[in-house]
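Survey of secondary and tertiary structure
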Amino acid sequence: MQVPFLDLNRSSREARTEIDEAIKRVLDTGEFILGKQVGEFEKELAVYCRVKHAIGVASGSDALFLSLKALDIGQGDEVITTPFTFFATAGAISRTGAKPVFVDICEDYNINPEKIEQAITEKTKAIIPVHLYGLACKMDEIMEIARKHNIAVVEDAAQAFGTEYKGKKVCSIGDTGCVSFFPTKNLGGAGDGGAVLTNNDELAEKIRILRVHGSKPKYFHKIIGINSRLDALQAAVLRAKFPFLDKWNKQRNEAAEFYNSHLRNTEGISCPAHAEGRTYHIYTIRTKNRESRDALKEYLAKAGIGTGIYYPLPMHLQECYLKFGYKQGDFPETERASEEVLSIPLFPSITKEEQEYVCSKISEFKE
Ligand SMILES: *Cc1c(COP(=O)(O)O)cnc(C)c1O
């Protein structure tokens, strides 16, 4: 048996007729950038996330970057985030000219709110909590710290579209929320795409201007923006898939529950933290140490099972950030996680047989 780490074609096929028709409609209109498809998609996004504004942009990375730009963050400023994330989070901070300041994670792999305050300086302008693998960060604590120090919160919900925190969609809690429609995300397009969600009228207006080179009206520039527009073909594909999202997310969660119940008592393995409202984007188990993680990965590969490591090298140890003087040992929880995590196959239409096979191989594994 072969179990791929990811096979999103299976679920995408369910929406194939709708996708084909949507693409044809866009080709017929010839309106390829922004326009009606993007406008309608933005309305649907805002309704789904229960926020006032949704702004379609070119990627999740740009959603983060434009949020920070709209908050006037740049050279000389600091933005706090987790070192245990995809590079886009830290990269967006650096692209504004600001400095990423890292804070270690908790057991659940998300930023530890108890360690945020000691990282705040006069230069701190924002916090970017990342809802990693689909688990919401401790937003109450984070929002309280941010309000107390008068700093902004930009949620990185690229891996958590659909996840709720205390009855609210993540993306709707901070000053802005950023999502990605990269093909592997919970709602994935046929290319790059992203969106910013916000209840703040001023930020929404500014992000709309920043995504078209800072122009309003066209050819008149009070501020400098970039080209970061969602295109109509992506919006049309995403609109065709959107009605399936909740079903697909439910299937992800059912598959995760299957793993939780079958792997809970497996020697040497621990299962991810569960929380009400969570959508499992990635299912990540934890091993005892790097050696057993790497050996298990190899064992599963030989058995035809795909796995992934998110992420093997924390941000503070990336070569491009060595200039900030971080070193091994600065963030022990993060460093340990990067050595011990292993993500196993999880996608909406994974079968019980495939999951049983994955579980049996993990149980059989002996170091
Ligand atoms: C995917 C991802 C992003 C970036 O999204 P793109 O659309 O690929 O630019 C940002 N942050 C996290 C945590 C992600 O997983």
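No experiment lies behind these values; they were computed from the predicted model shown.

Before going further, it helps to examine the nonpolar core. If you look at the biggest cluster of nonpolar residues, it comprises 50 residues, and the most contacted ones within it are Phe 41, Leu 45, Ile 80, Ile 116 and Phe 161. Looking at this core, the elements that each hand over two or more residues are helix H3 (35–49), strand S3 (99–102), helix H6 (139–149), strand S9 (194–198) and helix H8 (232–241). With sequence-adjacent residues up to four places away left out, Phe 41 is seen in contact with Phe 181, Leu 187, Leu 230, Ala 235, Leu 238, Arg 239 and Phe 242. With 25 residues, the next largest nonpolar core counts Ala 255, Ile 350, Tyr 357 and Cys 359 among its residues.

All right, on to the side chain of Asp 77 then. With respect to the helices, strands and loops of the structure, Asp 77 is situated in the loop between helix H4 (60–70) and strand S2 (78–81). Residues in contact with Asp 77, not counting those within four places in the same chain, are Asp 72, Ala 98, Lys 99, Lys 123 and Lys 125.

The environment of the ligand is made up of 15 residues, and the closest members are Gly 60, Ser 61, Asp 156, Ser 180 and Lys 185. In this structure, an oxygen atom belonging to the ligand sits 2.9 Å away from a side-chain N or O atom of Gln 159. Protein chains bury 93% of the 380 Å² of accessible surface belonging to the ligand in isolation. Among the residues forming the shell around the ligand, the class breakdown is 5 nonpolar, 8 polar and 2 charged.

With 9 of its 11 residues buried, H4 lies for the most part within the structure. Of the residues flanking the start of H4, the one acting as N-cap is Ser 59, its side-chain oxygen 3.4 Å from the backbone nitrogen of Ser 61. Phi turns positive one or two residues past the end of H4, at Asp 72, with a value near 60°.

The rules we used
Residues numbered from 1 in each chain as written. Predicted model: local features only at pLDDT ≥ 70, side-chain atom pairs only at ≥ 80, totals over all residues. Heavy atoms only, no water. Core = buried A, V, L, I, M, F, W, Y, C linked by side-chain atoms within 4.5 Å. Buried < 20%, exposed > 50% of the residue type's maximum accessible area, 1.4 Å probe, protein only. Helix = DSSP H or I, 4+ residues; strand = E, 2+ residues; numbered from the N terminus. Contact = heavy atoms within 4.5 Å. Near = heavy atom within 4 Å. Polar contact = N/O pair within 3.5 Å; in protein donor to acceptor, adjacent residues only side chain to side chain. Areas by Shrake-Rupley, 256 points an atom, 1.4 Å probe, with all protein chains shown as cover. Nonpolar A, V, L, I, M, F, W, Y, C, P; charged D, E, K, R; others polar.

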